[in-house]
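Coordinates in review
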Amino acid sequence: MSKTIANPLRIGKTLGTFNVDKSGPNMHIDLKAIEEKAERISEVLGLKLTAEEVALFTYLHEMTHYRQWKEGAVTTKDLRDVKFKETVRAKALEVEADNAAVDFIKKTIGYGRGWNKRTLQAMV
């Protein structure tokens, strides 16, 4: 029996996180995981996507979480709750962050080398 991967673009690692600790808001970006994601997208889709392009998308995504926090859409208490990520509201905030990153790239960079509808869909 052959098993198929539900989403072959997933690498099983978190690319970036936004959190708030006693020193304030901060972001962590895992560069090794970003390289792996770029390789996976390039391999699966047959399109070359660089680690820098994946890092840009990840940064934009996490900056949207920062904005969500600043605007009160998510609280520090929410971010510290280990069960929050499984809530409907958390999933909606993730979709919003993905869409904001896609919109930013389309408006400022546009489609071109590396960025097209398929590569942006692969990022989300």
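Rules and cut-offs
- Residues numbered from 1 in each chain as written.
- Predicted model: local features only at pLDDT ≥ 70, side-chain atom pairs only at ≥ 80, totals over all residues.
- Heavy atoms only, no water.
- Helix = DSSP H or I, 4+ residues; strand = E, 2+ residues; numbered from the N terminus.
- Buried < 20%, exposed > 50% of the residue type's maximum accessible area, 1.4 Å probe, protein only.
- Areas by Shrake-Rupley, 256 points an atom, 1.4 Å probe, with all protein chains shown as cover.
- Pairing = 2+ DSSP bridges.
- Patch = residues over 30% accessible without salt bridge, like charges linked within 9 Å, V, L, I, M, F, W, Y side chains within 5 Å.
- Salt bridge = Lys/Arg side-chain N within 4 Å of Asp/Glu carboxyl O.
- Lys, Arg positive; Asp, Glu negative; His and termini not counted.
- Charge placed at Lys NZ, Arg CZ, Asp CG, Glu CD.
- Core = buried A, V, L, I, M, F, W, Y, C linked by side-chain atoms within 4.5 Å.
- Phe/Tyr/Trp six-rings, centres within 6.5 Å; stacked < 30°, edge-to-face > 60°.

Looking only at helices and strands, the protein chain features five helices and two strands. For the protein chain, the residues scored as buried account for 35% of the 124 residues in total. Element-wise, carbon and sulfur atoms account for 55% of the exposed surface of the protein chain, whose accessible area totals about 8,200 Å².

A few words now on the pairing of strand 1 (residues 16-21). Burial along strand 1 is one-sided: G16, F18 and V20 are buried, and none of T17, N19 and D21, which face the opposite way, are. Connecting strand 1 to the antiparallel partner strand 2 (residues 24-29) that follows it, the hairpin turn spans two residues.

This paragraph deals with a negative patch on the surface. Where like charges cluster on the molecular surface, the negative patch consists of E35, E39, E43 and E52. Looking at the negative patch element by element, the count peaks at three residues for helix 1 (residues 31-45). For E52, the location among the structural elements is in helix 2 (residues 51-70).

If you look at the biggest cluster of nonpolar residues, it comprises nine residues: L15, A33, I34, A38, I41, L45, L49, V54 and A55. Contributions of two or more residues to this core are made by helix 1 and helix 2. Per element, the largest residue contribution to this core is five residues, and it comes from helix 1. With five residues, the next largest nonpolar core counts F57, A101, V102 and I105 among its residues.

Here we take up the packing of aromatic side chains. A complete count under the given rule lists three aromatic pairs for this structure. For the pair F18 and W69, a centre-to-centre distance of 6.1 Å together with 55° between the ring planes defines the contact as tilted. Placement of F18 in strand 1 and of W69 in helix 2 is noted, with a sequence separation of 51 residues between them. Looking at W69, the relative accessible area reads 22%, which means it is partly exposed. For the ring pair Y66 and W69, a centre distance of 6.1 Å and an interplane angle of 25° mean the geometry is stacked. Remark: W69 and Y66 occur in helix 2; sequence separation between them is three residues, near one turn of the helix. Connected via pairs of aromatic rings, a cluster forms that spans F18, Y66 and W69.

Looking now at the pattern of salt bridges. The tally for this structure, following the rule as stated, stands at three salt bridges. The shortest N-O distance in the salt bridge between E71 and R67 comes to 3.0 Å. The closest approach of N and O atoms between R89 and D78, which form a salt bridge, is 2.7 Å. Note that R89 is positioned in helix 4 (residues 88-108) and D78 in helix 3 (residues 76-80), a separation of eleven residues in sequence. In the salt-bridge network here, residues are joined through shared partners; they are R67, E71 and E96.

We now examine the pairing of strand 2. In this structure, strand 1 lies alongside strand 2, joined through six bridges in antiparallel fashion. When the sheet's bridge partners are listed, N19 is paired in strand 2 with N26.

In short, shape yes, function no, at least from these values alone.
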